[in-house]
Amino acid sequence: MSRIIVCVKVVTDPEAPASTFKIDPAGLKVLPAPGVPPVLNPYDENALEAALKIKESTGAKITVISAGKSIPKAIIKKSVAVGADDLILIEDPVLEDIDSYTTASLLAAAIRKSGEYDLILTGRMASDTNAGQVGTALAEILGIPGVTVARKIEIKDNKAQIERVCNDGYEAVEVALPCLVTVSNEIGELRTASIKGLMAAQKQPFTALKLSDLAAGMPKNRQKSMKLFIPERKGQCEFITGETPEESGANLAMKMREDGKLGGK
């Protein structure tokens, strides 16, 4: 194995309190408050950790690719600080609020342009949309096998041996390279970057691509957001009391019967 590609996205910190976000209903946007930092998508960090583990056992090189309107360099270079070898950024003013299909199409064009590869890894989903569509769409566009929600990946004899997460355990899958795998959080959290690695990463050059550099051009969005809102959660609590536990139970049963939640007369 010679080369692994990891697709990552920079998102607003999903651990930030809900009170720090506002909704723009007209623009269909989530507006984080000033001071809420961007971070690497945590699920993509799982994919990067999987790549680093494979690199340790095979010696493969890791190329990280990301697409967006304006990608924070200090955040995205964290991937280099922990052990990725190359970084490709697709940046263009038109790449704002693009859907999963468009994202996958742009990533596919950049991957084709970058040369041969053995394995593509993505997170199982992005923490800002939870769509979980880019990985499988990317595999379809590239015409390679795709396996989802992997908890373990091993490379042997030019094949990927994968354990897929299931509701009742896992299933073992073997697929020929090149292939794409979406990685689940069970594979482990991304290792911590050293100070030396962080300093070296900020100085390392990267490949910058604009839309005009990709032969695919700008695909049309196939998805359209219809409504964006914060769900309203209403609750009502009524205390049923009594002089004794038995009386409290009887009063509760009577109240439930009156409200039609308990059968009988």
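Further up the page is the structure itself.
Fair warning: this is a prediction, and the values are worked out from it, not measured in the lab.

Calculation rules
- Residues numbered from 1 in each chain as written.
- Predicted model: local features only at pLDDT ≥ 70, side-chain atom pairs only at ≥ 80, totals over all residues.
- Heavy atoms only, no water.
- Disulfide = S-S within 2.5 Å.
- Salt bridge = Lys/Arg side-chain N within 4 Å of Asp/Glu carboxyl O.
- Helix = DSSP H or I, 4+ residues; strand = E, 2+ residues; numbered from the N terminus.
- Buried < 20%, exposed > 50% of the residue type's maximum accessible area, 1.4 Å probe, protein only.
- Pairing = 2+ DSSP bridges.
- Axes fitted to C-alpha atoms, helices over the stretch in contact; angles between N-to-C directions.

## Brief notes about the state of the cysteines
This structure, assessed with the given rule, holds zero disulfides. With no disulfide of its own, Cys-7 has Cys-179 as its nearest cysteine by sulfur position, at a separation of 13 Å.

## Considerations on the pattern of salt bridges
For the structure shown, the criterion picks out 14 salt bridges. Between Arg-151 and Glu-163 there is a salt bridge, with the nearest N and O atoms lying 2.7 Å from each other. Of this pair, Arg-151 sits in strand S9 (residues 146–156) while Glu-163 sits in strand S10 (residues 159–166), and the two are twelve residues apart along the sequence. Exposure remark for Arg-151: the relative accessible area of 32% places this residue in the partly exposed category. Look at Glu-163 and you get buried, because its relative accessible area is 17%. Through salt bridges with shared partners, a single ionic network connects Glu-49, Glu-56 and Arg-191.

## What about the sheet that holds S9?
Whether parallel or antiparallel, the strands of a sheet pair through hydrogen bonds between backbone atoms. An order of S11-S10-S9-S12-S8-S1-S6-S7-S13 is seen for the nine strands of this open sheet, with the pairing classed as mixed. The sheet terminates laterally at strand S11 (169–176) and strand S13 (207–209), the two strands that pair on one side only. Each adjacent strand pair in this sheet contributes to an overall mean axis angle of 30°, direction not counted. Sheet topology places strand S6 (residues 61–68) next to strand S7 (residues 86–91); six bridges connect them, and they run parallel. Considered in S7, the bridge of Thr-63 is made with Asp-86.

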